[in-house]
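Understanding the architecture of this molecule
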Amino acid sequence: MRFLVKRSPFLLAVGLASSISTGWAQEANGSHDWEGSLVAAAPSETPFALQDGNEEEGKPKEANAQKDDSKDDSKDDDEKKSKAKKKDKDKDEEKPEPLSLAAPQGPVLYLKGERVIVRPGKEIENGQVIVRDGRIMAVGTDLEAPEGARVLEGAVICAGFMDSFSTLGLDRASLTTSGSEPSARTVDALDFFGPDHDRQNALKAGVLVAESHIAMNADFGGTGVLLRTGWAHDPEKRLLTDESAMWSRLERSGNVVTRVEEVDSLISKLESGGDYLKSWRTYETKLAEWEKEIAELEEELEKDFKKAKKDREKDIEKAKEKGKEHKEKRHKEPKPPRKPRFDPDKEILGRVIEGKMPLVVVATRAAVLRNLLEATKPFPSLRLVIAGGDQALHVAPELAARKIPVMVWPSEPLSSSSVPSDTRGSLELAGDLARAGIPVVIGSGFSGSSAALPLYASLAVGYGLPEEHALAAITTRPAAAFGMQNELGQVRRGRRAELLILDGDPLAVGTQVQFAISGGEVVLEPQK
């Protein structure tokens with residue numbers, strides 16, 4: 001641990017600080033790439049608009065109406081026109097009012113920081129953040145506190161940390177089960193009223209969001225969840241999403257041939273899911289065509305109803321005259337398309353292969369990773385994340401080219417754990433992976449503790465991971481990996497208000513969380 005003692009807080013500032021002009025404002029939306037860059041979207045109005053006194057002047061003053069003493073009516077009309085023009089001129093010169101909003105549903109917060117880390121690699125000095133209705137409403141350097149807002153101050157404001165691989169909220173039985181289906185839902189195994197010390201410790205460490213999933217030793221771990229740590233017994237607020245990712249684990253067998261077959265089996269199941277969704281789309285298309293055909297047929301029959309009725313009466317009379325039985329004409333209706341049988345496992349796998357949900361695959365060996373990467377090439381929409389990846393450097397060019405993130409965690413547990421496993425990631429890889437151009441994501445893993453997540457990121461710095469990348473590994477990159485890049489991980493307008501106010505650099509040893517804001521509310525503050 002010698003490197004931890006020698007590290008200085010100035011490391012985080014190298015290459016990060018940027019001079020921001022007064023009045024700088026954060027835009028609402030953007031798209032995040034794995035290196036933390038941000039492409040700004042079109043500007044939108046700030047709810048708490050600031051007036052700079054540079055509004056456009058009104059129209060030039062019109063000349064006074066000519067007087068005509070000989071006609072009182074003309075004089076009156078001209079005076080009325082003059083007054084109307086003056087009124088229009090005054091209206092043009094009025095400054096626009098600030099955008100008004102409805103009464104806030106929750107507390108309004110005004111945060112002030114000596115540094116505001118917008119995202120790793122971009123920060124502003126002496127900045128302010130306004131939070132309202134659970135969202136970041138404005139970020140800048142000259143923002144004024146809204147009336148009635150609670151003011152919080154500190155040295156550093158940054159996004160809350162995110163544990164991409166945790167065991168929070170789950171019991172031992174759900175974690176260690178070896179049998180699970182793709183459609184298994186972690187949300188059904190959550191215990192919101194169990195032991196609370198792990199959640200509290202994670203919150204105190206600044207971990208505001210954690211991903212958890214069941215069946216860590218099964219071939220499929222079902223769909224995981226994203227949990228807020230700031231809410232103890234409020235499921236509605238604590239559950240951020242009930243479908244964070246589909247988890248799968250390879251290398252469950254020690255046999256080399258079997259390990260290769262596991263990859264083939266995974267791909268086969270994904271393909272069956274894709275085919276399943278295609279069959280449903282085909283059915284829906286044919287159903288729409290059938291409904292249209294039926295509607296047209298009904299319309300045609302309705303138009304010909306009177307004629308058809310007369311023809312039927314004539315046919316009945318003719319049949320009577322001939323002493324025969326009248327047979328009703330039967331209209332041949334088109335048959336409806338056959339509805340596919342619902343399969344929850346194939347449905348969820350189909351969504352995965354189409355990129356609607358990320359697929360996290362726990363795998364370590366080079367041969368397995370190579371086969372997995374080759375087998376997934378035909379699926380460009382698949383959002384693949386590698387968890388573990390002990391031998392990922394052997395396939396580094398492919399991972400970097402496809403921008404597939406690798407999730408790592410401590411190889412040796414730093415806290416007690418009830419989940420044994422023979423597959424562990426390695427923080428020691430973090431620096432080498434980053435130098436190879438591979439996005440790195442850090443989690444606490446099978447045996448770690450969410451409360452130690454900032455320490456794991458700090459340890460990764462000691463193993464050669466640049467500090468900007470280490471901070472991104474617990475903020476922007478896990479948010480992007482789970483499809484939450486427009487919601488979490490950055491201090492930007494429009495994002496969810498999952499924020500920290502710290503007394504020092506986020507990854508510096510000894511830094512304390514002063515305030516934690518989750519869902520726009522203060523969930524952790526100094527004890528009075």
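Residues numbered from 1 in each chain as written. Predicted model: local features only at pLDDT ≥ 70, side-chain atom pairs only at ≥ 80, totals over all residues. Heavy atoms only, no water.

1. Some details on the overall build of the protein
Within the protein, the secondary structure is distributed over 14 helices and 19 strands. Scored against the burial criterion, the 528 residues of the protein give a buried share of 46%. Sequence-distant contacts in the protein: of pairs separated by 6 or more residues, those separated by 24 or more amount to 72%. With an accessible surface of roughly 27,900 Å², the protein has 48% of that area assigned to carbon and sulfur atoms. (Helix = DSSP H or I, 4+ residues; strand = E, 2+ residues; numbered from the N terminus. Buried < 20%, exposed > 50% of the residue type's maximum accessible area, 1.4 Å probe, protein only. Contact = heavy atoms within 4.5 Å. Areas by Shrake-Rupley, 256 points an atom, 1.4 Å probe, with all protein chains shown as cover.)

2. With respect to the packing of aromatic side chains
Following the criterion strictly, the structure yields 4 aromatic pairs and no others. For the pair Phe165 and Trp409, a centre-to-centre distance of 4.9 Å together with 80° between the ring planes defines the contact as edge-to-face. Of this pair, Phe165 sits in strand S7 (residues 161-166) while Trp409 sits in the loop between strand S15 (406-408) and helix H11 (430-435), placing them 244 residues apart in sequence. Of the residues examined, Trp409 reaches a relative accessible area of 1% and is grouped as buried. Ring pairing ties together the aromatic residues Phe165, Trp247 and Trp409, which thus form one cluster. (Phe/Tyr/Trp six-rings, centres within 6.5 Å; stacked < 30°, edge-to-face > 60°.)

3. Considering the sheet that holds strand S11 (residues 239-241)
Pairing in this open sheet of 4 strands is mixed, and the strands run S7-S8-S10-S11 from one edge to the other. Only two strands of the sheet have a single neighbouring strand rather than two, namely S7 and S11. The average undirected angle you get between the axes of adjacent strands in this sheet is 30°. The pairing of strand S10 (residues 225-228) with S11 spans 2 bridges and is antiparallel. Among the inter-strand pairings, Leu226 is bridged to a residue of S11, identified as Thr241. Packing of helix H12 (residues 453-462) onto the sheet brings it into contact with S7 and strand S8 (207-212), and relative to S7 it is tilted by some 90°. (Pairing = 2+ DSSP bridges. Axes fitted to C-alpha atoms, helices over the stretch in contact; angles between N-to-C directions.)

4. Examining helix H4 (residues 197-204)
Looking at H4, one finds that the buried residues are Arg199, Ala202 and Leu203. End-on, the buried residues of H4 take up no more than an arc of 100°, which puts them together on one face. Among the structural elements, S8, helix H5 (235-238), strand S18 (513-518) and strand S19 (521-524) are those in contact with the buried residues of H4. (Arc of directions from axis to C-beta.)

5. Some thoughts on the sheet that holds strand S13 (residues 359-363)
Strand order in the open sheet formed by 6 strands is S9-S12-S13-S14-S15-S16, and the pairing between neighbours is mixed. The open sheet terminates on both sides in strands that have one partner only, identified here as strand S9 (220-223) and strand S16 (440-442). Averaged over all pairs of adjacent strands, the angle between strand axes in this sheet comes to 25°, irrespective of strand direction. Note that S13 and strand S14 (residues 384-388) share 5 bridges and pair parallel. Bridged to Val360 within S14 is Val385.

6. Some thoughts on unusual backbone geometry
Phi at Asp133 takes a positive value of approximately 55°, unusual for a residue other than glycine. Within the secondary structure layout, Asp133 lies in the loop between strand S4 (122-132) and strand S5 (135-140). Its relative accessible area of 39% is what places Asp133 among the partly exposed residues. In this model, Ala215 sits at a positive phi of 50°, which is unusual for a non-glycine residue. Along the chain, the position of Ala215 falls in the loop between S8 and S9. We classify Ala215 as buried; its relative accessible area is 2%.

7. Comments concerning the side chain of Asp163
Tracing the sequence through the fold places Asp163 in strand S7. This buried residue, Asp163, is left without a salt bridge; Arg238 holds the nearest opposite charge, at 11 Å. Only 2.6 Å separates the side chain of Asp163 from the side chain of Ser444, close enough to count as a polar contact. Sequence-distant contacts of Asp163, that is, excluding residues within four places in its chain, are made with Val207, Val209, Ala210, Glu211, Gly443, Ser444, Ser450 and Leu453. (Lys, Arg positive; Asp, Glu negative; His and termini not counted. Salt bridge = Lys/Arg side-chain N within 4 Å of Asp/Glu carboxyl O. Polar contact = N/O pair within 3.5 Å; in protein donor to acceptor, adjacent residues only side chain to side chain.)

8. Thoughts on helix H9 (residues 366-375)
For H9, the full list of buried residues reads Ala366, Val368, Leu369, Leu372 and Leu373. One side of H9 holds all its buried residues, which, seen down the axis, span an arc of 160°.

9. Some points on the side chain of Glu211
By secondary structure assignment, the location of Glu211 is in strand S8. This buried residue, Glu211, is left without a salt bridge; Arg383 holds the nearest opposite charge, at 11 Å. Among all residues touching Glu211, those that are not within four sequence positions of it are Asp163, Ser164, Phe165, Ser166, Gly224, Val225, Leu226, Ser244, Trp247 and Phe482.

10. Side note on the nonpolar core
Grouped together as the largest cluster of nonpolar side chains are 101 residues, with contacts concentrated most on Leu399, Met407 and Ile442. Tallying contributions element by element places H12 first for this core, with 6 residues. Once residues lying within four places of it in the same chain are set aside, the contact partners of Leu399 are Leu373, Ile386, Ala392, Ile404, Val406 and Ile438. (Core = buried A, V, L, I, M, F, W, Y, C linked by side-chain atoms within 4.5 Å.)

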